[in-house]
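Chain by chain, the residues run as shown.
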Amino acid sequence: MNSNLPKSAAAWRPRYHYTPQCNWMNDPNGLVYFDGEYHLYYQYNPHGSDWGHISWGHAVSTDLASWQELPVAIPATERAMAFSGSVVVDHGNCGGFAPPDASAPALVAFFTGFDPDTKIQSQHLAYSLDRGRSYTPYAGNPIIDIGSTEFRDPKVFWHAPTRHWVMLVVVALEQQVWFYTSANLIDWTRVSTFGPAGSADKNIWEVPELFELPIDGDSTKKRWVLIVSVNHGSLWGGSGVQYFIGDFDGKHFKADASDGQLTLWADHGRDFYAPITFANLPDERVLWLGWASNWAYARELPTEPWRGQQSGVRELGLAATSQGLRLRQRMAREMLALVEPEPLLKLRGLPACQAGEALSQASLVGRQLMARLVVSTRGLIDPIGLEFFKGGDDSVRIGFDPSLNGFFIDRRCRAPLFEGQSERHDARRLLDAPDIELEVWIDGSLLELLADGGTVALTDLVYADPQATSVCLFHGGEAAMVQSLDLHQVRAAMYSSNEES
């Protein structure tokens, strides 16, 4: 770790991605839309910037962009920390938690209760009658207890075709997802098991998620996607997110076995983990976000008094590619609304060398940016892309490498601040179109690349020199052509306050 740079740098704090005002944050929990508000709960330590005293922190937004931090919604107690889970809106009052004369349904939270003495992990329920501000623990907790120390992260949703509730819970060390069903949200029956599968060897499975997605935007053609976050054995080591495409009948998930392989990665960077979707959305979109960090070094990140940030909100779909069906992730329209409409720079149809010169002459700087670069593959010999946080010989490169037919983030900074920062992460291209597209979102220390219409995603943290803010183009040979380059400022969005609202 480099001790020459400041422990805390305001330049590294994101301005349009959520991070708490202070203290530790990891997995998002219980994402739900209710009564005009989007709720973001998250794993949170109210007492410091290291992991511990895990409770459910809470923020709300009316637009998925500007977030207001609220008091802790589910606090840790002496007997149990509140690990990850989900929230549903009980419209039919299946659990009976809303009084008969209630004007609104109850929000029902499911989470893993972790006993710090016995280390037992069991599934708990709590309900809210005050718009998600506070939760009352169910008197009969735990609702599921198998006596395990590795049994966690309940995901609950309503399965309309079979008219019952479904719960997914991981048995972490067995690399399994257990499926349960219920009519009343309290009494659960185990109905099936999925796994081990994919990247299972020596892995710890966490935070399961299951949803249905349209193929290429066609709502008449849908498939189910099972998400499993994995620790200790991801693509680059540490934690990551794998997914399986298949069918679900309300009790059993069956993954496709086409291509002869099942391991697909939702993100090819190192800093996207435990993503979950928003429940009860007012439209047909499937939106998610994830923790932008990695358990391999999350405790080492050089920020104070906060540690932890969430990714941007992404809209999900499935894309038919040359390699088969793959997850597509695009920034939600609410994120796009933060982009300043007038570009800092707009280039069209230039040789890459001229585009690079035009960008250099513009002398653009910034740490809150969105860039779209479209490049022709014809005549492309060497890597091409954008450099951010450039200062002297130091920079972070995001681009396309024709020798690998893949996209990359190269965060091998001159002065890395934590073990693992000096790495390059690559992802092979999935489309055969003559032009390649890079959409890059930069926010303080967070980089998100959504390439080729979101068919490739890479998310990485970079703690570059706070004084390094220049933007440049590196180009792939004399014949390389830049079809378009648009560089925009992104407005700061997050409002953080602990005042009740």
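Residues numbered from 1 in each chain as written. Predicted model: local features only at pLDDT ≥ 70, side-chain atom pairs only at ≥ 80, totals over all residues. Heavy atoms only, no water.

Draft legend 1. View of the pairing of strand 29 (residues 435-443). Buried residues dominate strand 29, accounting for 7 of its 9 residues. Here 9 bridges tie strand 24 (residues 368-376) to strand 29, and the two strands are oriented antiparallel to one another. Counterpart to Ser376 in the pairing with strand 29 is Asp435. Taken together, the 6 bridges between strand 29 and strand 30 (residues 446-451) define a ladder with antiparallel strand orientation. Note that in strand 30 the partner of Ile442 across the bridge is Leu447. If you look at the hairpin formed by strand 29 and strand 30, you'll find 2 residues sitting between the two strands, and Gly444 has a positive phi there, around 70°. (Buried < 20%, exposed > 50% of the residue type's maximum accessible area, 1.4 Å probe, protein only. Helix = DSSP H or I, 4+ residues; strand = E, 2+ residues; numbered from the N terminus. Pairing = 2+ DSSP bridges.)

Draft legend 2. View of the pattern of salt bridges. What the rule picks out here adds up to 29 salt bridges. As a salt-bridge pair, Asp283 and Arg333 come within 3.3 Å of each other at their nearest N and O atoms. Taken together, the residues Asp283 in the loop between strand 18 (273-277) and strand 19 (287-291) and Arg333 in helix 1 (residues 333-336) connect sequence positions 50 residues apart. With relative accessibility at 25%, the residue Asp283 sits in the partly exposed group. Measuring nitrogen to oxygen at the nearest pair gives 3.8 Å for the salt bridge that ties Arg307 to Glu304. Residues participating in the shared-partner salt-bridge network are Arg270, Asp271, Arg411, Glu423 and Asp460. (Salt bridge = Lys/Arg side-chain N within 4 Å of Asp/Glu carboxyl O.)

Draft legend 3. Quick peek at empty space enclosed by the protein. In total, this model carries 4 cavities of 30 Å³ or more according to the counting rule given. Estimated volume of the largest cavity: approximately 70 Å³. Looking at the largest cavity, the residues that line it are Tyr16, His17, Tyr18, Leu40, Leu64, Ala65, Trp67, Leu289, Ser311, Gly312, Val313 and Met335. Reported here for the second largest cavity is a volume of approximately 50 Å³. Lining the second largest cavity, in full, are Pro28, Asn29, Ser84, Gly85, Ser86, Asp153, Pro154, Lys155, Val207, Pro208 and Ile276. Mapped onto the lining of the second largest cavity, the elements with two or more residues apiece are strand 1 (23-34), strand 5 (81-90), strand 9 (151-159) and strand 13 (204-215). (1 Å grid on protein atoms, 1.4 Å probe; cavity = no way out; pocket = protein on both sides within 12 Å on 5 of 7 lines; lining within 4 Å. Points joined across faces, edges and corners; volume = space filled by probe spheres on them.)

Draft legend 4. Region of interest: the pairing of strand 1. Most of strand 1 is tucked away: 12 of the 12 residues are buried. In terms of strand pairing, strand 1 meets strand 20 (residues 306-307) through 2 bridges, oriented parallel. Across the sheet, Asn23 pairs through a bridge with Trp306, a residue of strand 20. Of the strand pairs in this sheet, strand 1 and strand 2 (residues 37-45) are connected by 7 bridges, and their pairing is antiparallel. The residue of strand 2 that forms the bridge with Tyr33 is Tyr38. What sits between the antiparallel neighbours strand 1 and strand 2 is a turn of 2 residues, in which Asp35 has the positive phi angle 50°.

Draft legend 5. Looking closely at helix 2 (residues 352-362). Restricting attention to buried positions, one finds in helix 2 the residues Ala352, Ala355, Gly356 and Leu359. Each buried residue of helix 2 sits inside an arc of 100° when the element is viewed along its axis, so together they form one side. In the core, the buried residues of helix 2 are packed alongside strand 23 (345-351), strand 25 (384-391), strand 32 (470-474) and strand 33 (481-489). Within two residues after helix 2, Ser363 carries a phi angle of roughly 50°, on the positive side. (Arc of directions from axis to C-beta. Contact = heavy atoms within 4.5 Å.)

Draft legend 6. Representation of the sheet that holds strand 25 within the structure. Pairing is antiparallel across the open sheet formed by 5 strands, whose spatial order is 28-27-26-25-32. Edge positions in the sheet fall to strand 28 (424-428) and strand 32, since each has one partner strand and no second. Pairwise comparison of adjacent strand axes, ignoring direction, gives a mean angle of 15° for this sheet. Looking at chain direction, strand 25 and strand 32 are connected through 4 bridges and run antiparallel. Looking at the pairing, Lys390 lines up with Ser470 of strand 32. Contacting strand 25 and strand 32, helix 2 runs over the sheet at an angle of about 170° to strand 32. (Axes fitted to C-alpha atoms, helices over the stretch in contact; angles between N-to-C directions.)

Draft legend 7. Representation of the packing of aromatic side chains within the structure. As enumerated under the stated definition, the model contains 33 aromatic pairs in all. Grouped by ring-pair contacts, the aromatic residues Tyr18, Tyr42, Tyr44 and Trp67 constitute a single cluster. Here the guanidinium or amino end of Arg314 rests over the ring plane of Phe272, the centre of that ring lying 4.3 Å away. One cation-aromatic arrangement involves Arg397 over Phe474; the distance from NZ or CZ to the ring centre is 4.2 Å. (Phe/Tyr/Trp six-rings, centres within 6.5 Å; stacked < 30°, edge-to-face > 60°. Lys NZ or Arg CZ within 6 Å of the ring centre and 35° of its normal.)

Draft legend 8. Structural view of the layout of surface pockets. Within this model, the largest pocket holds a volume of roughly 1200 Å³. Around the largest pocket sit 42 residues that line it, and Glu212, Phe278, Glu284, Arg285 and Val286 are the ones nearest its centre. For the lining of the largest pocket, the secondary-structure elements that each account for two or more residues are strand 5, strand 9, strand 13, strand 14 (218-231), strand 21 (314-321) and strand 22 (324-331). Residue composition of the lining of the largest pocket, by class: 22 nonpolar, 8 polar and 12 charged. (Nonpolar A, V, L, I, M, F, W, Y, C, P; charged D, E, K, R; others polar.)

All we've got here are geometric facts, nothing functional implied.
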